[in-house]
Amino acid sequence: MDYKELGLKVGLEIHQQLNTKRKLFCDCPTILRTDDPLDTIERRLRPTPSEIGEVDVAALKEYMRGKTYIYQYYDTNCLVELDEEPPHLVSEEAKIIGVEVSLLLNSNIIEEIQVMRKTVLDGSNTSAFQRTMLISTDGYIETKQGPVSILTVCLEEDAARLISQDDTTKTFRLDRLGIPLVEIATGPDISNPEQAKEAAYILGQILRATGKVKRGLGTIRQDLNVSIREGGRVELKGVQKLDMIPLWVEREVERQIALVEIKKELNKRGSEKDLEFKIIEVTDIFNNTSSKIIASSIKKNGGVYATKLKNFKGILGKDIQKGRRFGTELADHVKTYGLSGLFHIDELPNYGITSDEVNKVRAKLKIAELDSFVIVAGKEDICKKALEEVFERCKKAFLEVPNETRDALEDGNSKYSRPLPGRARMYPETDIPPFTIDSELIRNIKENLPETFDEKVNKFIDKYGLKKDEAERIVYESPELFEKVISSLDIKSTIFIKALDLSKNLEREEGYVTDDQTLYLLFEKVSKGIIAKEGIEEVLKRVSKGEDIEIVLSDFSSDNNSADVEFAIEKIILEKKDFILEKGDRAISPLMGLCMKEFRGKVDGSLINKILKEKIDEILKSS
Amino acid sequence: MEPEVGDIVTLRKGNTSYEGIVIPSPKKDSIIIKLSNGYNIGFRKDSVEIINMEKKQKPKIFSEVKFEKRKDLPEISLISTGGTIASRVDYETGGVRWLMKPEEIFFMAPELSDIATFRNISSPFQIASESMTFECYKILAKESAKELNSGSKGVIITHGTDTLHYTSAALSFMLQNLSKPVCLVGAQRSPDRGSFDGSMNLICASYVAGHSDIGESVIVMHGEMSDTYCNVLRGTKVRKMHSTRRDTFRPINTSTLAKVFMNGKIERFSDYRKRNDDNEVYPDIEMEERTAIIKAYPNFNPEILDYYIDKGYKGLVIEASALGHVPTDTINEKFSWVDSIKRAREQDIIIVFATQCLFGRVDPFVYSNGRIMEEMGVIYAEDMLPETAYLKLSWILGHTNEYFEVKRNMLDNMSGEINYRIKGDKNGL
């Protein structure tokens, strides 16, 4: 694809959690909890007057019937997170990291910083606003394909974690609320998919260079803003994997191109003014249907409703992303109303709907050659709202690629989530006075900026004799721990990397992030020979299942008595005596396997090998 | 030319320029602008150069609110006096100001129009509650009586929370023959936010004022940190016990009168004076102003007492320690209160002891220093809160100075301020 020709513009927004001692606006630790909460509180949130402009009492009352929010809290929370105490002053540590990141991004620090309240009404903040502050503006980073501008660097509080929700209630956990985040927004000057990945990678490296950011799943969140000249602005949320960024961009470009083509085709056929919104109940046609979805809806006292889409024949069946059709896109909208989806003419008859039923619907809706229809099933008011949204979306198909927020999917595609939010209302946090960052402090931070990624990689190659890819890996993942381990313990870099691989696997498979403290304790035991390198995996697995590291480690140490080892090997040898006599020296390798299994990594392999050899020799000699 | 608030300016600092709307700055030598992304940022005036300036933006005007009077709902009245609950934030500047019109209260809880009809909404003054004086209580008593006697089923008074319990106690004594609800309501969170607690407090208070069978001066505020129910608390036995929590108002030496829920359900918890809509309330507003609360504490120099005596004070409420003790057997005699209390009594100054523990009762007979005080004529105020005792004493002294008359009245349980039977509560005090 010729991205220049298409006028592709990509911008990145990165949210990175900071590994500070306390939260941004209170003195609680920045740790997430997996155990049961201490207790919960229940709250209701209401829109504040000017948000709705004119006071329409009826509308407001409707809103008041909204959700109940339950907040789980722990002994690691205080009244600030419960919105029962004003915020404390901004964490000094977080301020310093904010300045450090700003300077690494060549941004200009704001002279007088004002904490702002950004209105948030989804329940993720107990106060119903998020506190945020602009630290610096107008920076840049260099990529291989030219500079990318940094519009803003902000410091803000993370939101509470959504644990569960249903029609009436949303449950959040307050452990995450208030963890400091650095938010970096680039300009829309990234011009191709690879550059987007590179920029994200470089920003990640810069953040990690500070050594003060959290690591692991969910600690960094990236959003992609993508648009092409003839398309619309789309914000892709939940972009977690760096390697996937180019694919997400490509697929979004593909989608926008397809939508532009649909627009051209539709305009050839007619105009959006030909569309007439009319909902027709077709429940009677489906009274004896073999479509499970429709039948179960009718059973629950729901109905079946259809609307005609003039000139849409074939459009809903058009691919807009690999494996996603325009109809899928409309179904995403319907699903936001809690319906299971929709049926459209281009896919029918199918899914238990017969051609007879299709023809009856065609007749009832007076479908002409170039027309299409969609069917939804469920409660009448919900179906009406959903069909109205489908209709509005189809009208837009004549005019534009809508600006919207989409959720990034695992396969590189994305699905509709909501319209692009309007600009959030922001007003000053009156409980915290504006502050300036001391110029002496800025100078000090400037003089002591951390080494860049490349500098550090080169240093690690020289100093520790690492290969380039090993050094890159270690510098990206865990440079501080590596230096600490190498300088104080007898651990080879290959073992360090092996442990890193194992902990990464656990993170991917179990969602468990091994902390540095655990790894260090483990390396200490390996270094002293108490745990063999073969035991690393077992230790990490058990810790990831919730066992205490100290207990796991002591478990390993307890039966590592060389007399015990010798005894256990002797037992195996006696059992396999015939086998040894038969195979001679060649018996050692299968027996080694047996022994290793027996000790499950608690004993060093070379020690087992040595004892085993001696014992086998003894038997062979004595026979 | 100096830029004014509302002007759109472009500022240059070094190589960077910033465009935004000028916002009021608390500091004279700095300028704050709002950027188009919503953030406010500030500069020292001498560190930036103004390179462009455009005309002032029209100031935003708050939208009007209209409310419909429904005939099928009970008529109640609302008196607004200031405080967090009656403040609004100007979202452009972040400045906080009082409501301009009491009707603006409907912005905060539009549901009110389905609960009661507001026959009159008035605002005799708008001040922070720490700035209240006896004069304010008199106005509120007269205003409440006027509303209740002309047909209102109840009165809601919106008020800052800091001294809400002083006002509720004052009205408990001033409103003689009260048999309709007077509900004092405040907020602990500001109304700019979606988590504003005042809406629920107002809604619950409207149910109490319009629909309950309570006939007392009460505080209606959050019962717990959750937005689940409000407590209805007797005006003489309630205190602000937390500087910031929503459920700051707690019943002391008693239980809550009732719990009120958002759907209007009212659960009764203890005895209270019952509503009688036929009764006329009489505002008896005479107060003695030369009264004070003085706290006893280690190393207190009784010179402080002498000051009040010399200034002609008529009555003092002493927040004495625990059972009602003040220093009598100090190593250095100058710290003993005995002589000063004696002098005060000789000049017919009424001395009342209430406990600084708040929870529990005073008793002069357990230790000898209590007896010394009792013999000098100090009045021991049972389990009365010091703040309640202070307002009660001021009110009584507004009517009589005669010692035995004052003592009899102080110890007479006029408005539920004394509880002779404090129950054991294993969950708290």
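Calculation criteria
Residues numbered from 1 in each chain as written. Chains lettered and ligands numbered in written order. Predicted model: local features only at pLDDT ≥ 70, side-chain atom pairs only at ≥ 80, totals over all residues. Heavy atoms only, no water. Helix = DSSP H or I, 4+ residues; strand = E, 2+ residues; numbered from the N terminus. Contact = heavy atoms within 4.5 Å. Areas by Shrake-Rupley, 256 points an atom, 1.4 Å probe, with all protein chains shown as cover. Lys, Arg positive; Asp, Glu negative; His and termini not counted. Charge placed at Lys NZ, Arg CZ, Asp CG, Glu CD. Phe/Tyr/Trp six-rings, centres within 6.5 Å; stacked < 30°, edge-to-face > 60°. Buried < 20%, exposed > 50% of the residue type's maximum accessible area, 1.4 Å probe, protein only. Lys NZ or Arg CZ within 6 Å of the ring centre and 35° of its normal. Pairing = 2+ DSSP bridges. Right-handed = clockwise from strand over helix to strand, strands pointing away.

1. So, the overall build of chain A
A count of helical and extended segments in chain A gives 21 helices and 23 strands. Referenced to the eigenvectors of the C-alpha coordinate spread, the extents of chain A come out at roughly 100 × 70 × 55 Å. Taking as baseline every contact in chain A between residues at least 6 positions apart, the subset at least 24 positions apart corresponds to 73%. For chain A, the accessible surface area stands at approximately 29000 Å², while carbon and sulfur atoms represent 48% of it. Across chain A, 96 positive and 111 negative side-chain charges occur, with their mean positions spaced 4 Å apart.

2. Structural notes on the packing of aromatic side chains
All names here are of chain A. A full pass over the atoms with the stated rule returns 24 aromatic pairs over all chains. A centroid spacing of 6.4 Å and a plane angle of 40° characterise the contact between Y69 and F172, whose relative ring orientation is tilted. Within this pair, whereas Y69 is found in strand β3 (residues 68-73), its partner F172 is found in strand β10 (residues 169-173), the two being separated by 103 residues in sequence. Here Y69 falls in the buried class, since its relative accessible area comes to 7%. Accessibility expressed as a relative area gives 3% for F172, which makes it buried. Note that R131 overlies the ring of F25, its terminal NZ or CZ placed 5.5 Å from the centroid. Against the face of Y520 rests K484, its NZ or CZ located 4.1 Å from the ring centre.

3. A short note on the sheet that holds strand β3 (residues 30-35) of chain B
In any sheet, the strands associate via hydrogen bonds between backbone groups, in a parallel or an antiparallel arrangement. Read across the sheet, 7 strands follow the order β23(A)-β5(A)-β4(B)-β3(B)-β2(B)-β1(B)-β5(B) without closing on themselves; strand pairing throughout is antiparallel. A strand with exactly one partner marks an edge of an open sheet, and here the two such strands are β23 (435-436) of chain A together with β5 (49-54) of chain B. Sheet analysis places strand β2 (residues 16-23) of chain B next to β3 of chain B, joined by 4 bridges and oriented antiparallel. Among the inter-strand pairings, G20 of chain B is bridged to a residue of β3 of chain B, identified as L35 of chain B.

4. Some remarks on the pairing of strand β20 (residues 291-295) of chain B
All names here are of chain B. As paired elements, β20 and strand β21 (residues 315-320) share 5 bridges and run parallel to each other. Across the sheet, the residue bridging to I293 is V317, located in β21. A crossover connection joins β20 to the parallel β21 through helix α5 (residues 303-310); in handedness this β-α-β unit is right-handed.

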